[in-house]
Amino acid sequence: ARHKAWRVKGQMQYIAEKVKFGTSEKELASIFANAAKELLKARKLLLREISDLPGFLVNEKDKVTTSGKDRGTKEKDDSKEENGAPRAKL
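Each value, and the rule that gives it
Residues numbered from 1 in each chain as written. Predicted model: local features only at pLDDT ≥ 70, side-chain atom pairs only at ≥ 80, totals over all residues. Heavy atoms only, no water. Salt bridge = Lys/Arg side-chain N within 4 Å of Asp/Glu carboxyl O. Helix = DSSP H or I, 4+ residues; strand = E, 2+ residues; numbered from the N terminus. Buried < 20%, exposed > 50% of the residue type's maximum accessible area, 1.4 Å probe, protein only.

(A) How the structure looks around the pattern of salt bridges. For the structure shown, the criterion picks out three salt bridges. Notably, a salt bridge pairs E38 with K4, separated by 3.9 Å at the nearest N-O pair. Of this pair, E38 sits in helix α2 (residues 25-46) while K4 sits in helix α1 (residues 2-17); the two residues are 34 residues apart in sequence, bridging distant segments of the chain. Look at E38 and you get buried, because its relative accessible area is 7%. A salt bridge links R7 to E38; the shortest N-O distance between them is 2.8 Å. Of this pair, R7 sits in helix α1 while E38 sits in helix α2; the two residues are 31 residues apart in sequence, bridging distant segments of the chain. The exposure class assigned to R7 is partly exposed, which follows from its relative accessible area of 37%.

See below:
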């Protein structure tokens, strides 16, 4: 959140200190729109509406996964024992 605030502060500071009189409304509006976009994204991150955590790539040989917990493991067959023998039905 501090980083986003720092970035938006920099954009507002740029407008206040560097933008020359007569700068087009379109250019100013673009800077304000970018600052607003960053603030709204920061809000969503804080409220955990979105996440900016990096994802992961899945190797072609791995099955499709959403959590990554099953990466690199074979699907477990509950009908067999660890040694591959059929499980006894009780």
